[in-house]
Amino acid sequence: MGNILWAKGQELYRNDFAPLPSLLQKLEEYRNNTAYPGPLFDNFIEPRVGMINFSVLGRDCPYEERLKYGAWDNEHHERLKIKQELQALYPDYDFAVGGTISIDITPKGKGKEQIAKHLRASYPDEELIFFGDRTLPGGNDYELAQALSRLSNTQVVQVSGPDEVLQILKL
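Okay, so let's go over this structure. (Residues numbered from 1 in each chain as written. Predicted model: local features only at pLDDT ≥ 70, side-chain atom pairs only at ≥ 80, totals over all residues. Heavy atoms only, no water.)

In this structure, Leu23, Leu27, Phe54, Leu86, Phe95 and Ile105 are the most contacted members of the largest nonpolar core, which totals 22 residues. For this core, the elements supplying multiple residues, two or more each, are α1 (21-32), β4 (51-54), α2 (63-76), α3 (78-89), β5 (93-98) and β6 (102-107). Residue contributions to this core peak at 3 residues, all from α1. Setting aside its immediate chain neighbours within four residues, Leu27 contacts Ile45, Ile52, Phe54, Leu86 and Ile105. Within the second largest apolar cluster, 5 residues are counted, among which are Ala116, Phe130, Leu144 and Ala147. (Core = buried A, V, L, I, M, F, W, Y, C linked by side-chain atoms within 4.5 Å. Buried < 20%, exposed > 50% of the residue type's maximum accessible area, 1.4 Å probe, protein only. Helix = DSSP H or I, 4+ residues; strand = E, 2+ residues; numbered from the N terminus. Contact = heavy atoms within 4.5 Å.)

Below, the structure is given as structure tokens:
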């Protein structure tokens, strides 16, 4: 997420994040009131450096359950609805639907997009190519893709996942 930068074994900066208690309570409400008919798993609010990752299903779910929830969410749009409600309630935060089961929550302007300026400063002349699976509006790679696309000598490539990246890199 660009909330911690290391160079040559030294931490140069870190953006920590302590969400409002009311936000954490709201996330628990979504978890307790989900319409998802399947089982729920632990680790549904995962603190990370500079952000939290929220999943109604729970981050500790087996892969098969991840697929089931993802298919269900594609039909019912639970994460999108949650994101839209949270954006209205908490305008100082950014919410991005991520992967197949979660929502990334960061303070405004402290999402993945902050990486762009640090990358260009560290690599002023090199060509940068970013591969992302959620680079379209609403995706958790969107802000970074937009920030990178404004830089010279930089490409953004929308992919379906890691297998496609490997195929492109083999070409």
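Before going further, it helps to spend a moment on the pattern of salt bridges. Evaluated as defined, the whole model comprises 7 salt bridges. Across the pair Glu46 and Arg48 runs a salt bridge, and its minimum N-O distance is 2.6 Å. Arg48 sits in the partly exposed class, given a relative accessible area of 33%. In this structure, Asp94 engages Lys108 in a salt bridge whose closest nitrogen and oxygen atoms are separated by 2.8 Å. With Asp94 in strand β5 and Lys108 in the loop between β6 and α4 (115-122), the pair connects residues that are 14 residues apart, well separated along the chain. (Salt bridge = Lys/Arg side-chain N within 4 Å of Asp/Glu carboxyl O.)

Glancing now at the packing of α2 against α3. Between α2 and α3, the least distance of the axes is 6 Å, while the angle of their chain directions is 60 degrees. Contact residues: Tyr69, Trp72, Asp73 and His76 in α2; Glu78, Arg79 and Lys81 in α3. Counted by class, the contact of α2 with α3 contains 2 nonpolar, 1 polar and 4 charged residues. (Axes fitted to C-alpha atoms, helices over the stretch in contact; angles between N-to-C directions. Nonpolar A, V, L, I, M, F, W, Y, C, P; charged D, E, K, R; others polar.)

A few words on the packing of aromatic side chains. Applying the stated criterion across every chain yields a total of 6 aromatic pairs. Seen in terms of ring centroids, Tyr36 and Tyr69 are 5.0 Å apart; in terms of plane orientation they differ by 75 degrees. Their pairing is edge-to-face. Of this pair, Tyr36 sits in the loop between α1 and β3 (45-48) while Tyr69 sits in helix α2, and the two are 33 residues apart along the sequence. Of the two residues examined, Tyr36 and Tyr69, each falls in the buried class. Where Tyr36 meets Trp72, the ring centres are 5.3 Å apart and the plane angle is 70 degrees; that geometry is what we call edge-to-face. Of this pair, Tyr36 sits in the loop between α1 and β3 while Trp72 sits in helix α2, and the two are 36 residues apart along the sequence. An aromatic cluster is defined as three or more aromatic residues linked by ring pairs; in this entry it consists of Phe17, Tyr90, Tyr93 and Phe95. It is Lys26 that lies over the ring of Tyr30; its NZ or CZ is 5.3 Å from the centre. (Phe/Tyr/Trp six-rings, centres within 6.5 Å; stacked < 30°, edge-to-face > 60°. Lys NZ or Arg CZ within 6 Å of the ring centre and 35° of its normal.)

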